[in-house]
Amino acid sequence: MQYETVSVIRFRFAAGILFLIATNSIFGLEPIKLDDSVRELSIGGNLEILEDAGGKLTLNEIRSAEMAKFWVKSSKDIPGFGFTKATYWARFRLDSNRDRDYYLEIAYPHLDKIDLYIQTDETTVHGVAGDYLPFKERFLHYRNFVFSVNPFDAPESVYYLRFESESSMQFPTIIWTPDRFAEKKMEEMIGLGIYFGVMIVMFLYNLFIWISIRDKSYLYYVTYIFFALLFILSYQGFTYQYLWTGPPWLYNQFYPSLHYYPTIFMLLFTSYFLHTKENLVLLHRIYIILLITLIAGSFASFILNYRMGTVMGALLTIVSCVWMLAAGLIMAKRKYRPARFYLFAWITFLLGIIIFALKAFGVLPGNVITENAVLYGSALEVILLSLGLADKINDLQKQNEMEQAKTLEAEKKSSKVKDEFLSNLSHELNTPLSIVYGYSEMLAKSSGNQDKTALYSKNILENSKILTNYLSDLILVTDIESKLQIQKSSVNLQEMLSSIVEDLRPEMIERKIHCDLRLLENVELLCDPSLFRKAMTAIIKNAVVYNKPEGSFVVEMNVGVLGENSGRQNNSIRIADTGIGISKENLGRIFEKFFRADSSLTYKVSGVGVGLFIARRIIELHGGSIEVKVEPGQGSEFTVRLPA
């Protein structure tokens, strides 16, 4: 702090009269009494304030009679006027009954220039402070601005303060005794030390977790904590006090950019943590615009003046806070578990930021709550959000364990299906191959016996057909899974179903199975003839081979309306038998590939277990569906529905 003495100006008699008129309001100031009981006193509410819109008024001019009417008594304990280009003057008087020094603290470290004038009858003492002065030139090497005053030396003195700044215009003004100032600042440092300790611990904790698991949520989060910590250190004046060694003008050029970086990484974290790209498409588009604007603003802040860069950063921060709250609320409403932790964590800090920003704009008064809202909110936020991240990781681990369990179960199921398939295939192929081999050997030995030759040749042919059918089914399964293309043409459904039943007649006669055909005439179906015949053969054959001896089955056609309001017709084919039925545990698997309802050790029915699988896929390829109703021991009923 610097002090200058201005020579006393003696006035003529007339000038003296004008001086008395001009100073009448000055001596009307009620002095602030400082007795032995006063060790700390906020005097913001005792100030008279004058706005200098052009910033050109001098000390003599603001003391003139013409300016007396422009002085206004402060209505706030901490005077604040937001971001303004105006210069502000404040004045007060002090009255002390003891010859002792006091400290006058201006507890906002971002004011550019502060002038203190102590006006007596004979002299004017001038002191300067502000963040445009090198830190080493301050009266006290402290983060806020401090002047030394002794009201006992000049009890009639008037103190004038002139404030000029591109930052938010606010000047918390406090009178201290030196011993109380030291005590208070020690208490303050303990509290701030705990806060910064919590922030550093949470930063290191989450950094170690990120190094361990490489999850982007933690990367964005620890980067956010770093810049949030740097911003708060700078806002509280600690960066300028302990870390910055460069010129003051360069620090003031850099500081506005710190408003952008924490918000940028808050947005990145929120988008990744809540998966806004997948879950909140519209909000994600807004997020991209906000993110680009913030990044551009962070670069522009080095070019723009201090005030414009800071104001733009504060406004974008408020908008981003609203966006983040909206994203958290929507995802929490959708029962997304991580969003609950996110909302609980961020709502405290976001409210702190909003309160801080509103205080910076002069909307809210400055006090211990608004002044430290960011500190309270950010401390709670980092703790709660760390818990949220831990919960998300635990949830992901549980999901991974469940996925691994499902994968293991699928692998077991696949292995079981493969084993069943190989067992079925080896048995089914072994039987006809053994017959073919045996009859071929017998055929070679009975060349002179024409009857035996004909019989053996017939058996070889029949079993060769069985092998061919098995291989054809397996090839068709592969084709179906490779998106088989169907070739449709018009088919008479009655003729097709009648032909299938006739092809199965030998088996029906052998087992004395009766078939009741209830078919409609002249019903044309647009389908792939060979594939659809294959599907219906599998279903009807199922009614034959799984029927009881001397049982029966019905094949019935119907034409009906698919829906009450659709107006579309459909063809339905019902195949109901009196067979053995299907157990409840096997009902959900009958359309699976390579599944057989009978035990793989008994093989009462031949086949490789793909008939119903092929049937359902072919029907679905034709735009139809298949339903099944079963009663164990009482038969099965299949219903095929196809668009007419």
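Look up: the structure comes first, before these words.
Residues numbered from 1 in each chain as written. Predicted model: local features only at pLDDT ≥ 70, side-chain atom pairs only at ≥ 80, totals over all residues. Heavy atoms only, no water.

Asker: Explain the side chain of Ser320 residue by residue, including any values.
Answerer: Mapped onto the secondary structure, Ser320 falls in helix α10 (residues 306-333). Apart from residues lying up to four places away in sequence, Ser320 is in contact with Thr263, Leu267, Leu290 and Leu294. (Helix = DSSP H or I, 4+ residues; strand = E, 2+ residues; numbered from the N terminus. Contact = heavy atoms within 4.5 Å.)

Asker: How would you sum up the side chain of Asn206? Please name residues and give values.
Answerer: Here Asn206 lies in helix α3 (residues 178-213). In contact with Asn206, not counting residues within four places along its chain, are Tyr218, Tyr221, Val222, Ile225, Ser386 and Leu389.

Asker: For the packing of aromatic side chains, give the residues involved together with the corresponding values.
Answerer: Within the structure shown, the criterion is met by 27 aromatic pairs. An angle of 40 degrees between the planes, with centres 5.1 Å apart, marks the rings of Phe227 and Tyr261 as tilted. With Phe227 in helix α4 (residues 216-235) and Tyr261 in helix α7 (residues 261-274), the pair connects residues that are 34 residues apart, well separated along the chain. The residues Phe227 and Tyr261 share a single accessibility class, namely buried. Between the aromatic rings of Phe269 and Phe273, the centroid separation amounts to 5.1 Å while the plane-to-plane angle is 20 degrees, which identifies the pairing as stacked. Here Phe269 pairs with Phe273, and both are found in helix α7, just four residues apart, close to one helical turn. (Phe/Tyr/Trp six-rings, centres within 6.5 Å; stacked < 30°, edge-to-face > 60°. Buried < 20%, exposed > 50% of the residue type's maximum accessible area, 1.4 Å probe, protein only.)

Asker: Quick one: what's the story with the environment of Glu164, residue by residue and with numbers?
Answerer: Tracing the sequence through the fold places Glu164 in strand β11 (residues 158-164). Along the chain, Glu164 and Ile114 lie 50 residues apart, while their C-alpha atoms are 6.5 Å from each other. Ignoring sequence-local partners within four residues, the contact set of Glu164 consists of Thr87, Leu111, Asp112, Lys113 and Met169.

Asker: I'd like to hear about helix α9 (residues 281-300), residue by residue, with values.
Answerer: The end-to-end C-alpha separation of α9 is 29 Å, in line with the 28 Å expected for 20 residues at 1.5 Å each. Among all positions in α9, only Leu283, His284, Tyr287, Leu290, Leu291, Leu294, Gly297 and Ser298 are buried. For α9, the angular spread of buried residues about the axis comes to 140 degrees, placing them on one side. The exposed residues of α9 that point more than 90 degrees off its buried face are Leu282, Arg285, Ile289, Ile292 and Phe299. Considering only its buried residues, α9 is in contact with α7, α8 (276-279) and α10. (Expected span 1.5 Å × (residues − 1). Arc of directions from axis to C-beta.)

Asker: Describe the sheet that holds strand β2 (residues 40-42), and please don't skip the residues or the numbers.
Answerer: Ordered in space as β2-β13-β7-β10, the four strands form an open sheet in which the pairing is antiparallel. Looking at strand neighbours, the two that pair on one side only are β2 and β10 (145-149), the edges of this open sheet. Geometrically, the sheet is characterised by an average inter-axis angle of 20 degrees between neighbouring strands, direction not taken into account. With four bridges connecting them, strand β7 (residues 102-106) and strand β13 (residues 173-176) associate as antiparallel partners. Paired with Glu105 across the bridge in β13 is Ile174. Its contacts with the sheet put α3 on β2, β7, β10 and β13, and the angle it makes with β13 is roughly 115 degrees. (Pairing = 2+ DSSP bridges. Axes fitted to C-alpha atoms, helices over the stretch in contact; angles between N-to-C directions.)

Asker: Account for the packing of helix α17 (residues 529-545) against helix α19 (residues 611-621), naming residues and giving values.
Answerer: Geometry of a packed helix pair, given as the angle between the helix axes and the separation of the axes. Where α17 contacts α19, the two axes come as close as 8 Å, and the packing angle between them is 135 degrees. Relative to α19, α17 is oriented oblique. For the element pair α17 and α19, the recorded crossing hand is left-handed. Of the residues in α19, those in contact with Leu531, Phe532, Lys534, Ala535, Ala538, Ile539 and Asn542 of α17 are Gly611, Leu612, Ile614, Ala615, Ile618 and Ile619. The residue inventory of the contact of α17 with α19, partitioned by class, reads 10 nonpolar, two polar and one charged. (Parallel < 35°, antiparallel > 145°, perpendicular 65-115°, else oblique. Left-handed = near helix turned anticlockwise from the far one by under 90°. Nonpolar A, V, L, I, M, F, W, Y, C, P; charged D, E, K, R; others polar.)

Asker: Lay out the pairing of β13 with the relevant residues and their values.
Answerer: Every regular strand shows the same layout, with side chains that alternate between the two sheet faces. Burial along β13 is two-sided: Thr173 and Ile175 and Ile174 and Trp176, pointing in opposite directions, are all buried. The sheet contact formed by β2 and β13 spans three bridges and is antiparallel. When the bridges of β13 are listed, Glu40 appears paired with Trp176.

Asker: Describe the pattern of salt bridges, naming the residues involved and giving the relevant values.
Answerer: By the definition in use, this model includes 20 salt bridges. For Glu183, the salt bridge goes to Arg39, with nearest N and O atoms at 3.1 Å. Residue Glu183 is located in helix α3, and its partner Arg39 is located in the loop between β1 (32-34) and β2; the two are separated by 144 residues in the primary sequence. A relative accessible area of 36% places Glu183 in the partly exposed class. Note that Glu187 and Arg180 form a salt bridge whose closest N and O atoms lie 3.8 Å from each other. Take Glu187: its relative accessible area is 44%, and that puts it in the partly exposed class. Among the charged side chains, a network of salt bridges with common partners joins Arg39, Glu40, Asp179, Arg180, Glu183 and Glu187. (Salt bridge = Lys/Arg side-chain N within 4 Å of Asp/Glu carboxyl O.)

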